[in-house]
Amino acid sequence: MTITPTTTFGADFLAAQNRELSARRQSYVADLDRLSAAAQDLVDGRGATEMADEDGFGEVDTVNVEREQLLVVAGEVRARIDEIDLAMERMAAGSYGICDDCHRPIAEARLEAMPEAQRCVGCKSAGILRRR
């Protein structure tokens, strides 16, 4: 049986973090909606008219590149939403703020700066150095 460590953060801190996570999630969802709409506009041809030359020929390759860029950014935004959802699930389970790697509490200052953080600074830094 695996025991999940629980945090000892105060109720006020957790409530503030929950509000911040909710606000960030709402902002990212709005960004995702805008990106998806822009990508769909390009697919539907509404963006192609803006990129037409004087003879009316659209720059199809440019439109495709722009659409791909929008989809990449949308994927990154979706990943941020997933990170926030995971943090909120951990909060509900009582394990918010516990490092995925060392299983020690993540510093409040780090969580205030990045409420969806899954690793403490030491473990996150070690992971970046290992990838080099």
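Please refer to the structure higher up on the page.
Numbering of residues starts from 1 in each chain and follows the order in which that chain's sequence is written. Local features are withheld for residues below a pLDDT of 70 in this predicted model, meaning they are given only at 70 or higher, and side-chain atom pairs are given and counted only at 80 or more; totals for whole chains, interfaces and linings count all residues. Hydrogens and waters are ignored; side-chain quantities use all the structure's heavy atoms.

Draft legend 1. Quick look at helix α1 (residues 11–44). Its 34 residues give α1 an end-to-end C-alpha distance of 49 Å, which sits within 8% of 50 Å, the value for a rise of 1.5 Å per residue. Burial classification: accessible surface area is computed with a 1.4 Å probe over protein chains only, and a residue below 20% of its type maximum counts as buried, one above 50% as exposed, and the rest as partly exposed. Numbering of helices and strands starts at the N terminus; helices are DSSP runs of H or I of at least 4 residues and strands are runs of E of at least 2. Three or more residues of α1 are buried, namely Phe13, Gln17, Leu21, Tyr28, Leu32, Leu35, Ala39 and Leu42. Downstream of α1 by a residue or two, Gly45 has a phi angle that is positive, lying close to 95°. To estimate how far a helix should reach, multiply one less than its number of residues by 1.5 Å.

Draft legend 2. Quick peek at the layout of surface pockets. Considered as a void within the structure, the largest pocket measures approximately 170 Å³ in volume. Cavities and pockets were defined on a 1 Å grid built from protein atoms only: a cavity is a group of points that admits a 1.4 Å probe but offers it no way out, a pocket is an open group of points flanked by protein on both sides within 12 Å along at least five of seven lines, and a lining residue is one with an atom within 4 Å of any such point. If you go around the largest pocket, the residues you meet are Arg80, Glu83, Arg110, Met114, Glu116, Ala117, Gln118, Arg119 and Lys124. Note that Gly is not counted as nonpolar here; it falls among the polar residues with everything else outside the nonpolar set of Ala, Val, Leu, Ile, Met, Phe, Trp, Tyr, Cys and Pro and the charged set of Asp, Glu, Lys and Arg. In terms of residue class, the lining of the largest pocket is made up of 2 nonpolar, 1 polar and 6 charged. Grid points are joined across faces, edges and corners, and a volume is the space filled by probe spheres set on the points.

Draft legend 3. Just the environment of Gly122, in detail. Locating Gly122 in the fold gives a position in helix α4 (residues 121–131). For the pair Gly122 and Asp101, spaced 21 residues apart in sequence, the C-alpha to C-alpha distance is 9.8 Å.

Draft legend 4. Local environment of the pattern of salt bridges. Salt-bridge detection follows one rule: a side-chain nitrogen of Lys or Arg within 4 Å of a carboxyl oxygen of Asp or Glu. Counted according to the given criterion, the structure contains 10 salt bridges. Residue Glu20 pairs with Arg24 through a salt bridge whose shortest N-O separation is 2.7 Å. Placement of both Glu20 and Arg24 in helix α1 is noted, with a separation of 4 residues, approximately one turn of the helix. Relative accessible area serves as the criterion here: at 22%, Arg24 is assigned to the partly exposed category.

Draft legend 5. Quick look at the packing of aromatic side chains. In this scheme Phe, Tyr and Trp rings, the latter by its six-membered ring, pair at centre separations within 6.5 Å, and the angle between planes marks the pair as stacked below 30 degrees, edge-to-face above 60, and tilted otherwise. Evaluation of the coordinates by the stated rule reveals 2 aromatic pairs. With a centroid separation of 5.0 Å and an interplanar angle of 40°, the aromatic rings of Phe9 and Phe13 are classed as tilted. Classification of Phe9 as buried rests on a relative accessible area of 13%. Among the residues examined, Phe13 registers a relative accessible area of 11% and is labelled buried. Here the aromatic residues Phe9, Phe13 and Tyr96 are joined through ring pairs into a cluster of three or more.

Draft legend 6. Focus on the nonpolar core. Leu21, Val77, Tyr96 and Leu111 are the most contacted members of the largest nonpolar core, which totals 23 residues. No other element matches helix α2 (residues 60–93), which puts 8 residues into this core. Here Leu21 is in contact with Ile84, Ala87, Met88, Met91, Tyr96, Pro115 and Glu116, once residues within four sequence places are set aside. We define a nonpolar core as any set of buried Ala, Val, Leu, Ile, Met, Phe, Trp, Tyr and Cys residues linked to one another through side-chain atoms lying within 4.5 Å. Should any heavy atoms of two residues lie within 4.5 Å, those residues are counted as being in contact.

Draft legend 7. Structural context of unusual backbone geometry. At His103, a position not held by glycine, the phi torsion is positive, near 65°. Within the fold, His103 resides in the loop between α2 and α3 (108–113). We classify His103 as partly exposed; its relative accessible area is 48%.

Draft legend 8. Region of the structure containing the environment of Asn64. The residue Asn64 is located in helix α2 in this model. Taking C-alpha positions, Asn64 is 8.4 Å from Val43, a pair spaced 21 residues apart along the chain.

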